[in-house]
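# Residue-level structural notes
As a plain string of letters, each chain reads:
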Amino acid sequence: MWSVSVRTVRHYWALFAGTFVALALGVALIGVSAAALASTWAVDRPTASGPRVTLTDGTGAARTLSAGELDLGGVQSVLAMAGVISAFVTLFVIAGTCAFGIALRRRDMGLLRLVGAGAGQVRRMVLAESLVVAVPAALLGALAAVPAAPVVVEALNGTGLAPVELRPGPLLWPLVFAVAAGLVIAVLGVVAASRRAAAVRPTEALREADLDTRAMTAGRAVTGLLLLAGGVVGVRLAPGAGAEAATPLALFGTMALAVAATVLGPLYLPPLLRLLALPLRAFDPVAGRLATAALGTSRRRTASLVGPVLSVVAVVGVFTTVLSTTGEATAADDRARTAAQLVVEPEGGRTGLTPDELAVLRSDPRVAAVSAPAALEVAVAGPHSVWKDQAAVADPVALARTHRIAVTDGTLGPLQPGTVAVSREFADWYGKKAGGEVTYGVFGGRPVTARVAAVLDGGSAVPHLLLPPGADAGTAAAPERAYVLLNPEAAGAAAGAAARWDGMTATPTERWFADRSNASDRLNRLVLLVLTGPASLYALIAVAGTLVMAYSRRGREVSGLKLVGVSAGQIRRMALWEALGTTLAGVALAAAVVAFGAGSYRQALPVLGGEAELSVPWTLLGSLAGACLAVAVAVSLAAAGRLLRGAGVASLTSRQ
């Protein structure tokens, strides 16, 4: 069947062009992501020469950690997530285009069965076709990644996401991984389609309609319902799962819903679009009726045209909305928890406040309380491992006055040597309670086993560990800022910047949070661009490829319309209405899925005194939806024009 597969790909090149381009671009995206990730692994890490500490975990194993080790976890997480998004969109689009191509060739499959081809032979032929397309596409994608990878790494350096400058590393293994991933994606994408092809009966060779029979098979229906159930369960579990567990539940639950909406598309999309297209019958009677009939009768084609738009807008929408909402919720919780009216920072570019400056603040009669946590990195011993964690030297009593903090366990008071306070998140993760013990070590010091004096619920205002001042915390950095709570009579004057101290800048709390939010928004936009930019561009090309596939088999339809007197302008408007209908339906369904998933995720984010606001990157998503619409309209009109130029009575009897 290999020779038959090669000839089939050559003859129906327009059907396979979309799959070829989609897979080549997918491999290129995966290759670039893998190469960028490899560049983070290839960073020269200097030999740890900083202070060390050795702790013994619960298993009795002694582990030594060093301070100042380079942390590339953040940028690696972003790049890994970008690769996952690219792989998911690639698999989704390849599976859709393969299934669509088989549906467009049902009569050809029926002819093969009619001349004696068995179900296994048809399945092997379809798999061979996928390899005929996948091998050159994967190699072309790998070649495209070679010049693109260094450019992407340099662009990544410009974003500031990496703590050090990255350098492009060897590309061999990232490209081998990308090619292998592309071939696996191609095979996985065609497996379901090959089963469908093998199930075609010989009588299909006698049918005239391409897509109006058995659009919803039992296997497709079961798969769609399982995905729908899994997505609903995942999203509904998110609100009560806590902020950490809610993220994967919301993300993957929403993605499952998007896939389910596409898989079940032939069942509900035609009647839905017919209902939505009713106004077209009055606005444009001929072209509107033709578009409505085409969308309603060619169920598989309609679902295949909606699928790419639905998938990309849903995937990009849920990732960007979850990330934006998380940032907004954290900022809102910080603002709500801060009772201090002023944030005081050192002037002149200095990195910390001196003890004398803090003493000046505390001795000012206008000041009611000052908290200035001095951050430091510590090692913490757990039951099975030792890890680095963030701590701070601070007075919990002062911190509780400048911030709205609740004591969930234990007693709030000054920390004595041999005691610590822990955050509620730390206590939940590691099962710590007041009266329990925590073993930690400051780098350059000795292990300390301290008693937990209190568990504090204060959001990001409370680090995982609050340590008492003393010799063991001598390596703490100078406080970057101080939070100042004023006496009631001085609070009003502070709003007018009446509170001033030499060598220090006092900023009203609201303005300080607004300035920090602007800087955070810039970083978030960069992360969103890295995550979604390549996948969005890829999806636009996939939309165009699917439309080219669809119109490659509509020559007889256009010729028939011309024969019965439909004008060229009416056919073009029919193509326009179809493109608008399928694209807008995909955007609307994606918006509904994202709203369901992100709305559930929002409920899992803790914000003091209220709920997290849903933050939607409207500009990004609106631009993506507009780009999908523009591509769909442009390709549809161009394809309809090409068919009109070749339409005629002769094409009614020509072989397609």
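Keep in mind the model is a prediction, meaning the values are calculated, not measured.

### What about the overall build of the protein chain?
A count of helices and strands for the protein chain gives 21 helices and 15 strands. Out of the 656 residues in the protein chain, the part that is buried amounts to 50%. Considering only contacts in the protein chain between residues 6 or more positions apart, those separated by 24 or more positions represent 83%. Of the roughly 28800 Å² that the protein chain leaves accessible, carbon and sulfur atoms contribute 63%.

### Here's the deal with the pattern of salt bridges
Tallying each qualifying case throughout the model produces 13 salt bridges. For R424, the salt bridge identified is with D428, shortest N-O distance 3.4 Å. With R424 and D428 both in helix α15 (residues 424-430) and four residues apart, the pair spans about one turn of that helix. For R424, a relative accessible area of 26% puts it in the partly exposed group. By relative accessible area, which is 53% here, D428 ends up exposed. Measuring nitrogen to oxygen at the nearest pair gives 2.8 Å for the salt bridge that ties R554 to E557. Note on E557: relative accessible area 29%, which makes it partly exposed. Ionic contacts of the salt-bridge type, sharing partners, join the residues D333, R337, R424, E425, D428 and D457 into one network.

### Topic: empty space enclosed by the protein
Applying the stated criterion to the full structure yields three cavities of 30 Å³ or more. Quantified by volume, the largest cavity comes out at close to 180 Å³. What lines the largest cavity is a set of 18 residues, among which F16, T19, C98, S130 and V190 lie closest to the centre. Among the secondary structure elements, those contributing two or more residues to the lining of the largest cavity are α2 (13-41), α3 (73-104), α5 (119-159) and α6 (172-198).

### Examining the pairing of strand β6 (residues 386-393)
Counting buried residues along β6, six of its eight residues qualify, which places the element largely inside the surrounding structure. By the bridge criterion, eight bridges tie strand β5 (residues 374-381) to β6 in an arrangement that is antiparallel. From the neighbouring strand, E377 faces β6, where its bridge partner is Q390. Following β5, the chain reverses through four residues before pairing antiparallel with β6.

### Considering the environment of P270
Among the structural elements, P270 can be located in helix α9 (residues 265-276). In this structure, the C-alpha to C-alpha distance between P270 and R299, residues 29 residues apart in sequence, is 6.0 Å.

### Some remarks on a nonpolar patch on the surface
On the surface, L131, V135, L139 and V187 cluster together into a nonpolar patch covering about 290 Å² of accessible area. Counting residues per element, the nonpolar patch draws most heavily on α5, at three residues. Take L131: it is sitting in helix α5.

### Looking at the packing of aromatic side chains
Taken as a whole and judged by the stated rule, the model has six aromatic pairs. Consider the rings of F283 and W577, whose centres lie 5.9 Å apart with planes at 75°: the pair is edge-to-face. Placement of F283 in helix α10 (residues 278-283) and of W577 in helix α19 (residues 568-602) is noted, with a sequence separation of 294 residues between them. Among the residues examined, F283 registers a relative accessible area of 61% and is labelled exposed. With a relative accessible area of 16%, W577 lands in the buried category. On the basis of an interplanar angle of 85° and a centroid distance of 6.3 Å, the ring pair of W429 and Y430 is categorised as edge-to-face. Looking at W429, the relative accessible area reads 43%, which means it is partly exposed. Each residue in the set W387, F426, W429 and Y430 is aromatic and connected to the rest through ring pairs, giving one cluster. A cation over a ring is seen here: R554 above Y551, with NZ or CZ 5.0 Å from the ring centre.

### A closer look at a positive patch on the surface
A cluster of basic residues, K562, R572, R642 and R645, forms a positive patch at the surface. Mapping R572 onto the fold places it in helix α19. The partly exposed category is assigned to R572, whose relative accessible area is 37%.

Calculation notes
Residues numbered from 1 in each chain as written. Predicted model: local features only at pLDDT ≥ 70, side-chain atom pairs only at ≥ 80, totals over all residues. Heavy atoms only, no water. Helix = DSSP H or I, 4+ residues; strand = E, 2+ residues; numbered from the N terminus. Buried < 20%, exposed > 50% of the residue type's maximum accessible area, 1.4 Å probe, protein only. Contact = heavy atoms within 4.5 Å. Areas by Shrake-Rupley, 256 points an atom, 1.4 Å probe, with all protein chains shown as cover. Salt bridge = Lys/Arg side-chain N within 4 Å of Asp/Glu carboxyl O. 1 Å grid on protein atoms, 1.4 Å probe; cavity = no way out; pocket = protein on both sides within 12 Å on 5 of 7 lines; lining within 4 Å. Points joined across faces, edges and corners; volume = space filled by probe spheres on them. Pairing = 2+ DSSP bridges. Patch = residues over 30% accessible without salt bridge, like charges linked within 9 Å, V, L, I, M, F, W, Y side chains within 5 Å. Phe/Tyr/Trp six-rings, centres within 6.5 Å; stacked < 30°, edge-to-face > 60°. Lys NZ or Arg CZ within 6 Å of the ring centre and 35° of its normal. Lys, Arg positive; Asp, Glu negative; His and termini not counted. Charge placed at Lys NZ, Arg CZ, Asp CG, Glu CD.

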